[in-house]
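# Summary of structural features
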Amino acid sequence: MQTLVGWHVEMEFLEEGDKTKAAAMLRLGDGTEVRGHGHASRHPSDPGQLRVGEEIAGARALMDIAQTLLTKAHDEIEETTGRPAHPLTR
């Protein structure tokens, strides 16, 4: 049996000087929302490339979501099986 599932991610950025912040929200198929945050700081000697700051901050926000999802899955495994689960890592 095949099941098609879709997740939707929204990402917003705030750029202030040499700092970029990212806020990400992942909406799972059941409507659950998982949020993550990331940041990036440009070194004063680096050229001003907003896209690079967005990529770094965005990646960190997605990594934050990934860790939350791993913890959520770990907790659900333990809840379902009633046994301690091995920690899930990247």
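The structure contained in this document is the topic of the report that follows. Model, not experiment: these values are computed from the prediction.

Turning our eyes to something else, we now look at the side chain of Thr20. With respect to the helices and strands, the residue Thr20 is situated in strand β2 (residues 19-27). On the basis of relative accessibility, which here comes to 7%, the residue Thr20 falls in the buried class. When neighbours within four sequence positions are excluded, Thr20 is seen to be in contact with Phe13, Leu14, Glu15, Gly38, His39, Ala40, Gly53, Glu54 and Ala57.

Spanning 32 residues, helix α1 (residues 50-81) covers 47 Å between terminal C-alpha atoms, matching the ideal 46 Å at 1.5 Å per step. Those residues of α1 not exposed but buried are Gly53, Ala57, Gly58, Ala61, Ile65 and His74. At its buried positions, α1 is contacted by β1 (8-16), β2 and β3 (33-41).

With that settled, consider the pattern of salt bridges. This model, assessed by the stated rule, comprises 5 salt bridges. Between Arg35 and Glu33 there is a salt bridge, with the nearest N and O atoms lying 2.7 Å from each other. Look at Glu33 and you get partly exposed, because its relative accessible area is 37%. With a shortest N-O distance of 2.6 Å, Lys72 and Glu76 are connected by a salt bridge. A residue pair is termed a helical-turn pair when its members lie 3 or 4 positions apart in one helix, as Lys72 and Glu76 do in helix α1 at 4 residues. Owing to a relative accessible area of 28%, Lys72 belongs among the partly exposed residues under this scheme. One network of salt bridges, with partners in common, ties together Glu10, Arg27, Glu33 and Arg35.

Cut-offs used in this document
- Residues numbered from 1 in each chain as written.
- Predicted model: local features only at pLDDT ≥ 70, side-chain atom pairs only at ≥ 80, totals over all residues.
- Heavy atoms only, no water.
- Helix = DSSP H or I, 4+ residues; strand = E, 2+ residues; numbered from the N terminus.
- Buried < 20%, exposed > 50% of the residue type's maximum accessible area, 1.4 Å probe, protein only.
- Contact = heavy atoms within 4.5 Å.
- Expected span 1.5 Å × (residues − 1).
- Salt bridge = Lys/Arg side-chain N within 4 Å of Asp/Glu carboxyl O.

Distances and angles like these do not, on their own, reveal function.
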